[in-house]
Amino acid sequence: MARNLVNIGVDLNTLKRHRKAFIVLQEALELNKSFQNAAINSVAYNELNDIFTNAPDSVLINLGIKTKAERYKLALEYGQKSLSTAIEIEDAEKKASAYHNLSRSYLQLGNYKLAYDFLEKYTNVNDSLIREQSKVTISQLEATYEQEKQKAEADDKLENAREEKKLLIVIALVVLFFLILAFIFYKKQRDSKQVQQELLVRSQIAEIEMKALRLQMNPHFIFNALNSIADFIRKND
């Protein structure tokens, strides 16, 4: 709940609704006393610093802040609280934000030395954050590249396996085609030989039958021939 109130306070402050933001942030701090969440306090203190540094005088007068000294006293007080809390929880991002807001507060007060000092601290921390973020980004890119590389290699292997499977199927179909052709050729050859053998057998059977017929006819032929010769002799005598 306290975190939600802080987020609402930040949004209201961004929309320049400073008075409402101040009330919501105070409620968040009060509610957070039970939980003692340092990160929530740091954000709330930092936004309150921003309100007292940048809000129009009319808003602050409405809140009971009538003098410049009181205004910037509260701004620096909340800024220092935000910074000490950020240091306590070792949150570099919140620390950078606190340095930046304190630099603006001192600039408004005309204390250019402290404004410069805090701006330099902000720059150093922010640069460090950028470097860390760059490292994280590079690491993420490297991890993404490795994942994409591994995925591409896996896809290539899968594609090669598919191509090999297709090739094996084509080879199997070609072999099957030639086996079918060989079977058809063999069957035709076998059928042709069978037909030739049947014709040969029939021819042999026919020849045997003719021979048998001739053998059956020969005694009659001899008998008739002998009768013809005998009849010729009788007539000549």
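This text follows the structure it describes.
Please read these numbers as outputs of a predicted model, since none were measured by experiment.

Basis of the calculations
- Residues numbered from 1 in each chain as written.
- Predicted model: local features only at pLDDT ≥ 70, side-chain atom pairs only at ≥ 80, totals over all residues.
- Heavy atoms only, no water.
- Helix = DSSP H or I, 4+ residues; strand = E, 2+ residues; numbered from the N terminus.
- Rg over C-alpha atoms; globule rule 2.2 N^0.38 Å.
- Contact = heavy atoms within 4.5 Å.
- Areas by Shrake-Rupley, 256 points an atom, 1.4 Å probe, with all protein chains shown as cover.
- Patch = residues over 30% accessible without salt bridge, like charges linked within 9 Å, V, L, I, M, F, W, Y side chains within 5 Å.
- Salt bridge = Lys/Arg side-chain N within 4 Å of Asp/Glu carboxyl O.
- Lys, Arg positive; Asp, Glu negative; His and termini not counted.
- Charge placed at Lys NZ, Arg CZ, Asp CG, Glu CD.
- Buried < 20%, exposed > 50% of the residue type's maximum accessible area, 1.4 Å probe, protein only.
- Phe/Tyr/Trp six-rings, centres within 6.5 Å; stacked < 30°, edge-to-face > 60°.
- Lys NZ or Arg CZ within 6 Å of the ring centre and 35° of its normal.
- 1 Å grid on protein atoms, 1.4 Å probe; cavity = no way out; pocket = protein on both sides within 12 Å on 5 of 7 lines; lining within 4 Å.
- Points joined across faces, edges and corners; volume = space filled by probe spheres on them.
- Nonpolar A, V, L, I, M, F, W, Y, C, P; charged D, E, K, R; others polar.

### Considering the overall build of the protein chain
Tallying secondary structure elements over the protein chain gives 7 helices and 0 strands in all. Listed by position from the N terminus, the elements making up the protein chain come as α-α-α-α-α-α-α. Its C-alpha atoms give the protein chain a radius of gyration of 57 Å, clearly above 18 Å, the size a compact globule of 237 residues would have. With the principal axes as the frame, the protein chain shows a C-alpha extent of 190 × 35 × 30 Å. Across the protein chain, contacts joining residues at least 24 apart in sequence account for 56% of those joining residues at least 6 apart. As displayed, the protein chain has an accessible area near 17,400 Å², and 59% of this comes from carbon and sulfur atoms.

### Some remarks on a negative patch on the surface
A cluster of like negative charges, contributed by Glu142, Glu146, Glu153 and Asp156, occupies part of the molecular surface. The topology assignment puts Glu142 in helix H7 (residues 112–236).

### A look at the pattern of salt bridges
Considering all chains together, one arrives at 12 salt bridges under this definition. Note that Asp91 and Lys94 form a salt bridge whose closest N and O atoms lie 3.1 Å from each other. A salt bridge links Glu163 to Lys166, with the nearest nitrogen and oxygen atoms 4.0 Å apart. With a gap of 3 residues between them, Glu163 and Lys166 both fall in helix H7, about one helical turn apart. The exposure class assigned to Glu163 is partly exposed, which follows from its relative accessible area of 40%. Via salt bridges that share partners, Lys187, Arg190 and Asp191 belong to a single interconnected network.

### Some points on the packing of aromatic side chains
Counted under the stated rule, the structure contains 6 aromatic pairs. On the numbers, 5.6 Å between centres and 75° between planes, the contact of Phe177 with Phe178 is edge-to-face. Using a relative accessible area of 47% as the deciding quantity, one classes Phe177 as partly exposed. Among the aromatic residues, those joined into a ring-pair cluster are Phe22, Tyr45, Phe52 and Tyr78. Here the basic side chain of Lys121 rests over the ring of Phe118, its NZ or CZ set 5.2 Å away from the ring centre.

### Considerations on the layout of surface pockets
Reported here for the largest pocket is a volume of approximately 180 Å³. Going through the elements one at a time, helix H3 (38–54), helix H6 (92–109) and H7 are the ones with two or more residues in the lining of the largest pocket. Looking at the lining of the largest pocket residue by residue, the class counts come to 3 nonpolar, 5 polar and 3 charged.

### A look at unusual backbone geometry
Phi is positive for Lys16, close to 65°, though the residue is something other than glycine. Tracing the backbone through its elements, the reader meets Lys16 in the loop between helix H1 (2–14) and helix H2 (18–32). A positive phi angle is found at Glu90, which is not glycine, with a value near 55°. Summarising the element assignment, Glu90 is placed in the loop between helix H5 (68–88) and H6.

Spatial relationships are all this shows, so hold off on functional conclusions.
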